[in-house]
Amino acid sequence: MFGNSNQPKTPVVVQGVPVFDNESPPPQHAPSPMAQQHRPYADGGTIETQATSTGTGQWSKGENQPRSCRDWFWALLFYAQIGAIIGLTVTYTPDAFVSTNTGEDYSGVIYATIILGAVSMVLSGLVLIVMIHVAGVLIKFALIFSIIMTLLTAIGGILSGQVVVAIFGFVFFAIGMCYACAVWSRIPFATANLVTAVTAVRANCGLSVVSYFFLALAFGWSILWAFCVVGIIDATGSCDDPNKPCKYNGGYLFLLFISYFWTHQVIQNTVHVTVAGTVGTWWYNPEEATSCCSRAVMDSFYRATTLSFGSICLGSLLVAIIQALRQLVNQARADEGDNILLCLAECLLACIEGLVEYFNKWAYIYVGLYGYTYFEAGKNVMTLFRARGWDNIIADNLVTNALFFTSLGVGLITGGIGLAIDAGQKSWFNSQGGAFLLGFIIGLVLTSVLLSLVGSAVNTVLVCFAEGPQEFQQNHPHLSNKMTAAWRRSGFL
C-alpha cells in the first residue's frame, strides 16, 4: 500500500507501534506487545499493564479497577443540590407567576423556555444527521470561520475607534492564519477520526437513545431551574424605584448558576463516560458492541450512572464553579459598562475553564474505559499526553472546534427565535436582549449535550488509536487503513 509491491512492506509506526495494512500483515513470529491487550473495562474483562515507549516517555496500560463506587461523596452532594432546587421551586415558584413583590408576571418566560427548548431539541437532531455526511466540510468551515471572525473583530475595532480591539483582532487573525496553514494537511486525519467515531456510534445506535434521554433530561432541568429562579428572584428581589433596575441577591444567583451549570455538566459528562466505555469495547471486542442495545452500551450506561457517577460529579463541579463566576462577571460588565478589571477577570476565568474542560474530557475517557477515580484518571491521561506529545492531538482540536461552532450556530438560531417570540409577545420579556439571551443559552446548552455524543466518540478513538493500533487493524481493517494513511499524510510521522 505504501511502497513497491516487489519489496518487503514497511509498516507505518503509530505511537511507537508498527501498524501493517491488509497487504502487509504483521509477522506471525513477532506480534506487537499491543496485541496482548485484553478487554477494556467496558465488559468487565481484565487489562494487563504494559509499558509502551513512544520515544518521548513511557506510560502503563490501564488496569480494570474493582467494581465499587468512586468519589461517592460528590454524588451525594449532587443529589442534595437537586433536592434543594426542587424544594425551593415548590416553596417559592407558585406565588411568582403573579408576583406581589416585584409586580412582574413571569409566566411568559416559562412558556418561552418550553418553546425554545423544544425547538433546540429538533435542531440538534437535524444537525447530527447533517454532520455525519459532511464531516470534512464542517471541519474546514469551522477553521475558516474562526479566522474570519477575528478579522471582522479587527475591522469592527477600526470602525468604532477601538484601537486596542483592532490590534488584538489583527494579531489573532495572523495567529489563526498561521495555525490554519500548519494544520490544514491534518484535516484528512481529523476527518478519518470523525468517520471512525461515527461508525462506532452507528454500530451501537443505542448511544443515540442514551444521548436523547439525557437531552430530554437537560431540557426538563432547564425548565425546573427556570421555575426556581423565577421564585427566588421574586422572593428576594427589590424593586423600590420603578425608574431603576430591580436589585437581586448576588449570592443566591451565584449558587443558582452553580446548580444549573453543574447539572448540565454532569449530564454531558455522563454521556461522555458512557460513550467512552462503549467505543472502547467496539475497538477491542467488536462482537460485544455491534447492536443497538449491545452489552457494551448497557454496561457502560450502568457504570456511568452508578459506580463512576461520583467521579463525574467531582470534575463537573469544578467547571460549574468557574462558569458561575464567569456569569456573574458578565452580569457585572453589563451593569457597570466597560471595565478593564472585569475584562481581565473574564478572560482569566475563560482560560481556566478551557483548561479544566480540556483536562476533564480526556480524564473521563479513562474513567469510562477502566473505572478509575477522577484524579487517578487525570494523572494517567496526563502521563499519556507526555508520552505521545501534544502535537499529535491537533486533529481532536479541529473536530472540537467544528462541534463548538455547530452548537454556537444552533444557539444563535434559537436566540433569533427568542427575538421573534418577543416581537409577537411583548409581555413575555422586559427586553429584546433578555429574549435573545434566553434562546441562545438554551440552544447552546442543549445542543452541546447532544453533540457531546460525537465529541466523546472522537476523543475515545484518539486514545484507543494511541494505545491499541494493532487491535484496530485486526478488528476494523478498512477504517484502520484509512486512518493510518491519513495519519501518515498529515505529517505526524
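These lines cover the structure that appears in this document, whether it is placed above or below. Owing to the predicted nature of the structure, the values given are computational and were not obtained by experimental measurement.

A contiguous nonpolar surface patch, about 670 Å² in accessible area, is contributed by Ile144, Ile148, Met149, Leu152, Ile155, Leu159 and Trp184. Structurally, the position occupied by Ile155 is in helix α3 (residues 135–160).

Estimates place the volume of the second largest pocket at around 330 Å³. If you list the elements that add at least two residues to the lining of the second largest pocket, you get α1 (72–92), α6 (206–236), α7 (250–284) and α9 (309–336).

Turning our eyes to something else, we now look at the packing of aromatic side chains. For any pair of aromatic rings, the description consists of the separation of the ring centres together with the inter-plane angle of the planes. Summed over the entire model, instances satisfying the criterion amount to 27 aromatic pairs. For the pair Phe214 and Phe301, a centre-to-centre distance of 6.1 Å together with 55° between the ring planes defines the contact as tilted. Here the residue Phe214 occupies a position in helix α6, and Phe301 occupies one in helix α8 (residues 295–305), the gap between them amounting to 87 residues. Under the relative-accessibility criterion, Phe214 is labelled buried at 5%. Using a relative accessible area of 28% as the deciding quantity, one classes Phe301 as partly exposed. On the numbers, 4.0 Å between centres and 20° between planes, the contact of Trp283 with Phe472 is stacked. Of the two residues, Trp283 is situated in helix α7 and Phe472 in helix α14 (residues 469–475); the sequence distance between them amounts to 189 residues. The structure contains a cluster of three or more aromatic residues connected by ring pairs, namely Phe189, Trp282, Trp283, Phe465, Phe472 and Trp487.

Looking now at unusual backbone geometry. We note that Asp71 has phi near 50°; this positive angle belongs to a residue other than glycine. Locating Asp71 in the fold gives a position in the loop between β4 (58–60) and α1.

Moving on to α3. Spanning 26 residues, α3 covers 37 Å between terminal C-alpha atoms, matching the ideal 38 Å at 1.5 Å per step. Taken together, the buried positions of α3 are Ala135, Leu138, Ile139, Ala142, Leu143, Ile147, Ala154 and Gly157. Following α3 by one or two positions, Gly161 adopts a phi angle in the positive range, close to 80°.

What follows deals with the nonpolar core. Residues Ile139, Leu194, Trp282, Trp283 and Tyr366 are the most contacted members of the largest nonpolar core, which totals 108 residues. Apart from the residues lying within four places of it in its own chain, the contact partners of Leu194 are Ala135, Ile139, Val399, Val454 and Val458. By size, the runner-up hydrophobic cluster in this structure holds seven residues, among which are Ile322, Val329, Ala332 and Leu342.

The next thing to look at is the environment of Thr93. The topology assignment puts Thr93 in the loop between α1 and α2 (107–133). Residues Thr93 and Cys228 lie 135 residues apart in sequence; the distance between their C-alpha atoms is 6.1 Å. The residues contacting Thr93, other than those within four sequence positions of it, are Leu88, Phe227, Cys228 and Gly231.

Our focus in this paragraph is the side chain of Thr274. Note on placement: Thr274 falls in helix α7. For Thr274, a relative accessible area of 0% translates into the label buried.

Conventions adopted
- Residues numbered from 1 in each chain as written.
- Predicted model: local features only at pLDDT ≥ 70, side-chain atom pairs only at ≥ 80, totals over all residues.
- Heavy atoms only, no water.
- Patch = residues over 30% accessible without salt bridge, like charges linked within 9 Å, V, L, I, M, F, W, Y side chains within 5 Å.
- Areas by Shrake-Rupley, 256 points an atom, 1.4 Å probe, with all protein chains shown as cover.
- Salt bridge = Lys/Arg side-chain N within 4 Å of Asp/Glu carboxyl O.
- Helix = DSSP H or I, 4+ residues; strand = E, 2+ residues; numbered from the N terminus.
- 1 Å grid on protein atoms, 1.4 Å probe; cavity = no way out; pocket = protein on both sides within 12 Å on 5 of 7 lines; lining within 4 Å.
- Points joined across faces, edges and corners; volume = space filled by probe spheres on them.
- Phe/Tyr/Trp six-rings, centres within 6.5 Å; stacked < 30°, edge-to-face > 60°.
- Buried < 20%, exposed > 50% of the residue type's maximum accessible area, 1.4 Å probe, protein only.
- Expected span 1.5 Å × (residues − 1).
- Core = buried A, V, L, I, M, F, W, Y, C linked by side-chain atoms within 4.5 Å.
- Contact = heavy atoms within 4.5 Å.

Interpretation note: all reported values are geometric properties and have no functional meaning in isolation.
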